[in-house]
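# Commentary on secondary and tertiary structure
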Amino acid sequence: MKRIQLLILVALLPCFSAFGQGWERVINYGSEEYGNDLIIDDQGNIFILGTKDGGTSEHKTIVTKRDSLGNEIWTQIFAFADFTYLYSFFQTQDEGLLLLGSTSQPGSYSQGLAIKLNSSGEIQWMDTLLVDGYEGLNFYSMIEETDSTILLSGQVHKDTIIDFGGGSTWTDYIENAVLLRVNKSAEILWSRIYDLIPWNWSPEGNENAGQFAKANDGGFIVRMNDELSEDRILKLDANGDIQWQRVYDDPASVTSIYAIAALPDNSYLITGTFKLLGNVPQYSYFEKLDQAGQTLWTQLKPKDFPTDFEQVAPDGDLLFLGAEPGLAYTHQIKLVKTDLNIQQVGEAQVYSHGNYSLAYELERKGNNYFILGYTQSTISNYDWDMYLIK
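Residues numbered from 1 in each chain as written. Predicted model: local features only at pLDDT ≥ 70, side-chain atom pairs only at ≥ 80, totals over all residues. Heavy atoms only, no water.

This part is about the overall build of the chain. The secondary structure content of the chain amounts to zero helices and 29 strands. A buried classification covers 51% of the 390 residues belonging to the chain. Pairs at least 24 residues apart make up 44% of the contacts formed inside the chain by residues separated by at least 6 positions. (Helix = DSSP H or I, 4+ residues; strand = E, 2+ residues; numbered from the N terminus. Buried < 20%, exposed > 50% of the residue type's maximum accessible area, 1.4 Å probe, protein only. Contact = heavy atoms within 4.5 Å.)

For strand S6 (residues 72-78), a buried count of five out of seven residues is recorded, marking the element as mostly surrounded by other parts of the structure. In this antiparallel pair of consecutive strands, strand S5 (residues 59-66) and S6, the connection spans five residues, and Gly-70 shows a positive phi of 90°. (Pairing = 2+ DSSP bridges.)

Another point: the pairing of strand S27 (residues 356-365). Where a strand is regular, its side chains alternate between the two sheet faces. Inspection of the sheet shows S27 paired to strand S28 (residues 368-376) by nine bridges, in the antiparallel sense. In the sheet register, Ala-359 faces S28, and the bridge partner there is Gly-373. Linkage of S27 to S28, two consecutive antiparallel strands, is achieved through a turn of two residues, within which Gly-366 is found at a positive phi near 65°.

Counting 17 residues, the largest nonpolar core has Leu-100, Leu-129, Leu-137, Phe-139, Ile-150, Leu-152 and Leu-180 as the members making the most contacts within it. Breaking this core down by element, the ones donating at least two residues are strand S8 (97-104), strand S11 (136-144), strand S12 (149-165) and strand S13 (168-183). Excluding its chain neighbours within four sequence positions, the residues that come into contact with Leu-129 are Gln-111, Gly-112, Leu-113, Ala-114, Leu-137, Phe-139, Val-182, Ala-186 and Ile-188. Grouped together as the second largest cluster of nonpolar side chains are 14 residues, Ile-39, Leu-49, Leu-86 and Leu-113 included. (Core = buried A, V, L, I, M, F, W, Y, C linked by side-chain atoms within 4.5 Å.)

A low pLDDT score tells you not to read the predicted coordinates there in detail. Averaged over every residue, the pLDDT of the chain is 80; the share at 70 or more is 84%. When mean pLDDT is compared element by element in the chain, strand S21 (residues 283-289) scores highest at 93, while strand S1 (residues 9-15) scores lowest at 35. Across residues 200-204, confidence stays below pLDDT 50; counting only partners more than four residues off in sequence or on other chains, it has 14 contacts. (pLDDT = per-residue confidence, 0-100.)

Right, let's get into unusual backbone geometry. A positive phi is found at Glu-95, a non-glycine position, where the angle reads about 70°. Following the sequence through the fold, Glu-95 ends up in the loop between strand S7 (83-91) and S8. On the basis of relative accessible area, Glu-95 is assigned to the exposed category, the value being 59%. Even without glycine at this site, Ala-186 takes up a positive phi of about 65°. Of note, Ala-186 is situated in the loop between S13 and strand S14 (188-194).

Attention now goes to the pattern of salt bridges. Applying the stated rule across the entire model yields ten salt bridges. With a shortest N-O distance of 2.7 Å, Asp-241 and Arg-192 are connected by a salt bridge. Remark: Arg-192 occurs in strand S14 and Asp-241 occurs in the loop between strand S17 (231-236) and strand S18 (242-247); sequence separation between them is 49 residues. (Salt bridge = Lys/Arg side-chain N within 4 Å of Asp/Glu carboxyl O.)

If you want it as structure tokens, here you go:
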């Protein structure tokens with residue numbers, strides 16, 4: 001693939017917080033750019049996966065490598081099919097990168113997509129992924145399990161013919177939750193399909209698997225959503241078999257799960273939003289479960305308290321990433337640190353450039369933290385730029 005060279009506009013600005021003095025960079029490639037994923041390697045190099053959107057027919061993928069100060073080493077911009085989206089990427093043992101996402105053609109199901117880049121960001125190979133017996137595959141969440149394997153959650157699709165008898169049939173589709181383990185050659189090593197609530201008309205239901213985490217016992221804890229739009233938390237063993245599950249189906253309220261974490265004390269943290277039905281406020285929701293899935297405590301906090309759990313800090317505290325709303329549709333990135341029980345809450349650190357800034361990803365390397373998101377200088381021009389903070 002021919003490398004595309006573009007003029008890069010980078011602003012280097014001071015940034016101060018209780019996390020220590022650092023820097024921030026606004027990265028622009030001539031149109032709207034959004035940051036999707038972030039890697040910091042052992043040498044301190046920064047890899048960014050992003051999206052460049054110049055219109056409905058100009059959707060492109062950005063991969064850039066930068067040094068420890070955020071200076072560009074190389075950048076590759078790829079133009080794939082209109083319906084190709086790359087959500088996450090991982091380093092490979094040959095110092096290359098494996099990009100994962102989905103691709104589709106109009107009128108067809110999406111398929112999983114893997115793209116391998118060499119150490120200079122050039123494409124070595126591309127391949128699609130499908131689970132046997134299904135025609136479509138979407139990824140929703142991905143984590144690196146080992147140096148050679150990746151765990152993915154998502155949804156599989158296929159058509160089915162429903163026979164009502166008397167020669168009357170109907171062609172419908174099936175969507176089930178799926179977990180997969182793949183190696184860094186994009187070969188599926190293991191997959192499990194989950195049919196939580198069968199449809200009344202067809203033999204299988206309509207579910208998806210979203211956020212998940214590796215449990216301390218070698219299994220997984222995962223959020224799934226079923227045909228009734230109810231969120232569920234499932235604890236799976238290392239083979240993907242269900243050990244227990246919780247269903248958030250209170251008819252008087254709506255609980256939406258955003259993030260899941262396995263904590264160092266062998267408990268599980270669930271975060272999201274909570275709202276009673278009717279004209280009442282929405283709250284940020286926190287719940288701690290023991291190893292058997294029993295509630296240890298629940299907490300409701302004001303809706304602007306961040307619920308995007310990012311990671312456990314070296315001192316054992318928790319880090320949450322979110323947004324600080326301001327006047328006239330302005331937003332700033334907010335980073336909050338709490339203890340394991342979210343009782344002691346540190347002063348929120350707020351970062352912004354321009355009028356509107358949002359964050360996607362937080363990564364730690366040693367004692368340094370890096371935030372990736374996007375920012376907009378003015379509300380009126382809709383010119384989004386990637387935003388990197390150390």
